[in-house]
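What follows is the residue order along each chain.
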Amino acid sequence: MTTFVVRWRSASLVWVLGLLFGLMPLPSMAQSAPTLLVKNATIFSMAPAQKEPFVGYMAVGVDGRIVAVGAGEPPAELKTQTVWDAHGHWVMPGFISAHSHLWQSAYRGLAADQTLLGWIAVLYGKRVTHATAEDLYWFTLEGALDHLRHGVTAAYNFNYGGHAPAQREEFSEQEFRGEMDSGFRFVHGWEPGRAGTTETLDEARPRLKTFLDWTAKQKNDRLLAVMINGGTAFDGTPKQAVMEAALMKEFGVGNQSHYLEQPETQVEDREMFKWITDAGLVTDKMIFGHFIHTDTAILAATAKAGASMSWNPLSNGRLASGVADIPVYLKMGVRVGMGVDGEASADLADPFENMRTGLYAIRDKYENASVMSPYDVVRLHTMGSADVLGVADRLGSLEVGKLADFLVIDPSEYGHVFDPYATLVFVTSQPNLERVYVGGELLVDHGKLLRQDLSKVEHEVDARVTARSGP
């Protein structure tokens, strides 16, 4: 079997050529000596040029990046510290949640008979207002660990900004520590104040700079980016859009804004789009969260600007928010990723359930089983989410040079597999998830977290929610 020795800068080209001509890319061992070799795996690479799964191998370097991946047996010269025989088990990229609220794991099952606005009144008006910054550390840690054990290896996290302006830094830093201690990758959503009531641009600017400087000093390779939790739809004035656009431009950060989620206010919410566009918020750094009750003009402007959206089927269904017309969005050129949202609105951070729910909802909407395929939703929850978060060069597929965040799935209980993607979406659930790796490091083995004691964390969270239950 022919092999190639490549430099990192040409790795992607060689990988594509290898796929086209049946060759195997192999980076220079002197540049990144591999430490882990997974062999005899059925690999769902999710690389754009490799849709069909194949039986082969993958090697991970000391820097946590993939140094080799290919079909068949690994070459004899590929020596590693650790070899793991997958025995035909399935290997795929870790799921990426383009929209999560990790701290909400402390409030599962809350307001079960409420739609979004009633649910917000209970969670934000009666529950989390009693929590301390230290509580939010534990809540965030629990949510991140729950994401991990369900196969989500990276997420955009909307952090809670505290109960008053003076608390924002303390809350944000505690939640950041919870994200770091979990071991998974994250985009930290930074909470601005409300321009209409609590914060001006002159106040927000030094606060964001201070936080960015602080995060830069933290020894952590899991942080993907800091972005702004957009609030124009909640502030209710154009001032919010102007402030956020100025911060995005000055600091080069992205923004994810909840928008057009609830059906009750969709008419007036669509009218806010003029504020958003006039302020310059609609760019390739804007992610619209939920983005259900759109119209043709809004979608066209979003696509033209290169903006994107996060699709959250589980929470949309739970809160009766509606079904985003994803086939139309994609056809119009809107970039789409998928999120498992918060465990107080989706209750279960399970990407397999999220894909099923989304696929079924779209098929119900169209009364057509061919309008969206299982492969489509797997792609949206991996490469789609990576693209939306601006990390597609690092995550979302198993390709040479990318970070080795991957899952191992045990297919032994599936019986005959007619279509691997259909089985992955229609049949697979968390108990089938055998292993979860981040950067080539095994973090979850048969449902057991190896770096944290989940039962201890859950006990701490339960005690803190009980103590802060309020009236």
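Parameters and conventions
- Residues numbered from 1 in each chain as written.
- Predicted model: local features only at pLDDT ≥ 70, side-chain atom pairs only at ≥ 80, totals over all residues.
- Heavy atoms only, no water.
- pLDDT = per-residue confidence, 0-100.
- Contact = heavy atoms within 4.5 Å.
- Helix = DSSP H or I, 4+ residues; strand = E, 2+ residues; numbered from the N terminus.
- Expected span 1.5 Å × (residues − 1).
- Buried < 20%, exposed > 50% of the residue type's maximum accessible area, 1.4 Å probe, protein only.
- Arc of directions from axis to C-beta.

## Here we look at the confidence of the model for the protein chain
Atomic detail in the predicted coordinates should be set aside for any region of low pLDDT.
Piece 1. Mean pLDDT for the protein chain: 93, with 93% of residues reaching 70 or above.
Piece 2. Here residues 1-31 is a poorly scored stretch, pLDDT under 50, and it has 58 contacts once near neighbours within four places are set aside; other chains count.

## A few points about helix H5 (residues 201-217)
Piece 1. With 17 residues, H5 should reach 24 Å at 1.5 Å per residue; the first-to-last C-alpha distance of 25 Å fits that figure.
Piece 2. Looking at H5, one finds that the buried residues are Ala204, Arg207, Leu208, Phe211, Leu212, Trp214 and Thr215. The buried residues of H5 occupy an angular sector of 160 degrees when the element is viewed end-on, so they sit on one face. Seen from the open side of H5, the exposed residues pointing more than 90 degrees away from its buried face are Asp202, Ala216 and Lys217.
Piece 3. On its buried face, H5 sits against helix H4 (168-182), strand S10 (185-190), strand S11 (223-230) and helix H7 (238-251).

## So, unusual backbone geometry
Piece 1. Of note, Leu260 is a non-glycine position whose phi angle comes to about 55 degrees, a positive value.
Piece 2. With respect to the element layout, Leu260 can be found in the loop between strand S12 (255-259) and helix H8 (266-271).
Piece 3. Leu260 gets classed as buried once you look at its relative accessible area, which sits at 2%.
Piece 4. The backbone phi angle of Phe291 is positive, close to 55 degrees, even though this residue is not glycine.
Piece 5. Its place among the elements puts Phe291 in the loop between strand S13 (286-290) and helix H10 (296-305).

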